[in-house]
Amino acid sequence: MTLSVPISPKPLLSTLLGQRQERPPLWLMRQAGRYLPEYRALRAEKGGFLQLVHDSAAAAEVTVQPLRRFGFDGAILFSDILVIPHALGQDLWFEAGEGPRLAPPLVDAAVDALTRAPERLDPVYETVRQVAAMLPPGVTFLGFAGSPWTVATYMVAGQGSKEQAATRRFAHADPAAFGALIAAIEAATFTYLLGQIDAGVEAVQLFDSWAGSLSPQQFEAWVIAPTARLAAKLHAARPGVPVIGFPKGAGGKLAAYARETGVDAIGLDETVDPVWANGVLPVGLPVQGNLDPLLLIAGGEALDAGVDRVLAAFPDRPHVFNLGHGIQQDTPIAHVERLVGRVRG
Ligand code: CP3
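Residues numbered from 1 in each chain as written. Predicted model: local features only at pLDDT ≥ 70, side-chain atom pairs only at ≥ 80, totals over all residues. Heavy atoms only, no water.

**A few points about the pattern of salt bridges**
Then, number 1: What the rule picks out here adds up to 12 salt bridges.
Then, number 2: Arginine 69 is the partner of glutamate 38 in a salt bridge, and the nearest nitrogen-oxygen pair spans 2.7 Å. Of the two residues, glutamate 38 is situated in helix α2 (residues 37-46) and arginine 69 in helix α4 (residues 56-70); the sequence distance between them amounts to 31 residues.
Then, number 3: Taking relative accessible area as the criterion, glutamate 38 reaches 23% and is therefore assigned partly exposed.
Then, number 4: Where aspartate 73 meets arginine 344, a salt bridge forms, and the shortest distance between an N and an O atom there is 3.0 Å. Highlighted residues: aspartate 73 in the loop between α4 and β1 (74-76) and arginine 344 in helix α15 (residues 333-344), separated in sequence by 271 residues.
Then, number 5: Judged by relative accessible area, arginine 344 falls into the partly exposed class, the value being 37%.
Then, number 6: The network of salt bridges with common partners includes Asp304, Asp308, Arg338 and Arg342. (Salt bridge = Lys/Arg side-chain N within 4 Å of Asp/Glu carboxyl O. Helix = DSSP H or I, 4+ residues; strand = E, 2+ residues; numbered from the N terminus. Buried < 20%, exposed > 50% of the residue type's maximum accessible area, 1.4 Å probe, protein only.)

Pasting the structure below:
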């Protein structure tokens, strides 16, 4: 008689809930996007990135494009973290070749002076409903939002900013006003993630892309505390839906983040030594990551060795294979195929 190993019907969801799989499930941050010709074609047809986000049928199509090609274990909603500032009342547009712009920047205006526009999120909930109806049964559907700190850096500067200096100055100079901004983003993000869950996502990720720029005290106040409040409120409102925290650049502050926020899984960026992380993180806490996205561009045997190092680093821990940050637009598709083959064995 042969004993069969039970195969989880949703390997990614099971892993996020703490069950280690024999081969780690796999998805890639920013897996829908410009490295795919089918994405570029649909984006050109719709006229731009935001038009794509606001066209639910198109956004649903873009969400499933990478699954058709690579058979990933997860689908991530196609939207952006900056839809929250838009819903809080800032204007949002993307300058070609430069990046996002938000107006008025909150260095010049108070968050309470903005006119809230929550209906701007309605097309995103509709995208979730459409994707949920399209997904193959074994695929886990991930929703997401930016963390309050990272979203605040765009709202204050009105664009991406070097070292997030304007926002860090603001937070030091006027912690009460900055706390009010964080509270406004936090409340909108909570409602937004509940809306995504109720429309059909099965887990959510908080992207904290700029967590790495903060001093320890500011990291406690503006990364850990708001994330802990959001995780607690989500757990109370929708028990059993895992929350992935991704504090990019947190480095030595990762263990405190893991202990104090209550997230169900933690994303590691490519600067983190996975063997070190495995040693310092709480036993059994699921991790996600952390192949260098530039190694995926390099490809070849160096890529294989990098994949193997990540796979070997978590011998007992639930692990979701991913990159350490988003896939870049000049990534060759053949290298993604090679990665998938290697992870799947
Ligand atoms: O992962 C996915 O496939 C889902 C969709 C997704 C996008 N943005 C689509 C997108 C997700 C999860 C994000 C997150 C996001 N957006 C973050 C956090 C993660 C990270 O990468 O650090 C941040 C900081 C943003 C803000 C943002 N959106 C910037 C700075 C830019 C412009 C930079 C660029 O690459 O042009 C965007 C645009 C954006 N968001 C694109 C995509 C596919 C590119 C738009 C296009 O030109 O088609």
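**A few points about the packing of α4 against helix α6 (residues 122-134)**
Then, number 1: Running from N to C, α4 and α6 cross one another at 45°; their axes reach a closest spacing of 8 Å. For the element pair α4 / α6, the angle class is oblique. Seen along the crossing, α4 lies across α6 with a hand that is right-handed. Each of Ser56, Ala57, Ala59, Ala60, Thr63, Val64 and Arg68 in α4 lies in contact with α6, whose residues at this interface are Pro123, Glu126, Thr127, Gln130, Val131 and Met134.
Then, number 2: Its residues assigned to classes, the contact of α4 with α6 comprises seven nonpolar, four polar and two charged. (Axes fitted to C-alpha atoms, helices over the stretch in contact; angles between N-to-C directions. Parallel < 35°, antiparallel > 145°, perpendicular 65-115°, else oblique. Left-handed = near helix turned anticlockwise from the far one by under 90°. Contact = heavy atoms within 4.5 Å. Nonpolar A, V, L, I, M, F, W, Y, C, P; charged D, E, K, R; others polar.)

**Let's talk about unusual backbone geometry**
Then, number 1: Of the consecutive residues alanine 103 and proline 104, the connecting peptide bond is found in the cis state with omega at -5°.
Then, number 2: Counting through the fold element by element, proline 104 comes out in the loop between β3 (99-103) and α6.
Then, number 3: In this structure, asparagine 290 follows glycine 289 across a cis peptide bond, with omega equal to -15°.
Then, number 4: Looking at the element boundaries, asparagine 290 is found in strand β8 (residues 287-291).

**Points about the site of the ligand**
Then, number 1: Near the ligand you find 21 residues, and of these Arg34, Tyr39, Arg43, Asp80 and Ser209 are the closest.
Then, number 2: At 2.5 Å, a side-chain N or O of serine 209 approaches an oxygen atom of the ligand.
Then, number 3: Bound to the protein, the ligand loses 88% of the 870 Å² it would expose on its own.
Then, number 4: By residue class, the composition of the shell around the ligand is 13 nonpolar, four polar and four charged. (Near = heavy atom within 4 Å. Polar contact = N/O pair within 3.5 Å; in protein donor to acceptor, adjacent residues only side chain to side chain. Areas by Shrake-Rupley, 256 points an atom, 1.4 Å probe, with all protein chains shown as cover.)

**Focus: the side chain of glutamine 65**
Then, number 1: The topology assignment puts glutamine 65 in helix α4.
Then, number 2: Those residues in contact with glutamine 65 that lie beyond four places of it in its chain are Leu36, Glu38, Tyr39 and Leu42.

**Observations concerning the packing of aromatic side chains**
Then, number 1: One pass over the full model with this rule turns up 12 aromatic pairs.
Then, number 2: Ring centres of phenylalanine 70 and phenylalanine 72 lie 5.2 Å apart, and the angle between their planes is 35°; on these two criteria the pair is classed as tilted. This pair shows no difference in class: phenylalanine 70 is buried, exactly as phenylalanine 72 is.
Then, number 3: In textbook terms, an aromatic cluster arises when at least three aromatic residues are bridged by ring pairs, as seen for Tyr39, Phe49, Phe78 and Phe94.
Then, number 4: The aromatic ring of phenylalanine 190 is capped on one face by lysine 233, whose charged end is 4.4 Å from the ring centroid.
Then, number 5: Lysine 253 extends its terminal NZ or CZ atom over the ring of phenylalanine 219, reaching a point 5.2 Å from the ring centre. (Phe/Tyr/Trp six-rings, centres within 6.5 Å; stacked < 30°, edge-to-face > 60°. Lys NZ or Arg CZ within 6 Å of the ring centre and 35° of its normal.)

**Let's talk about the environment of arginine 69**
Then, number 1: The partly exposed category is assigned to arginine 69, whose relative accessible area is 34%.
Then, number 2: Setting aside chain neighbours within four positions, we find arginine 69 in contact with Leu36, Pro37, Glu38 and Ile333.
Then, number 3: At 2.7 Å, the side chain of arginine 69 forms a polar contact with the side chain of glutamate 38.

**Brief notes about the pairing of strand β4 (residues 140-146)**
Then, number 1: Judged by how many residues are buried, β4 sits mostly within the fold: seven of seven residues are covered.
Then, number 2: Side chains Thr140, Leu142, Phe144 and Gly146 project from β4 onto one buried face, and the interleaved Phe141, Gly143 and Ala145 project onto a second face that is buried too.
Then, number 3: Pairing analysis gives three bridges linking β1 to β4, with the strands arranged parallel. Within β4, the position partnered with alanine 75 by the bridge is phenylalanine 141.
Then, number 4: Two strands pair when backbone bridges link them, and β4 and strand β5 (residues 203-208) are joined in this way by five bridges, in the parallel orientation. (Pairing = 2+ DSSP bridges.)

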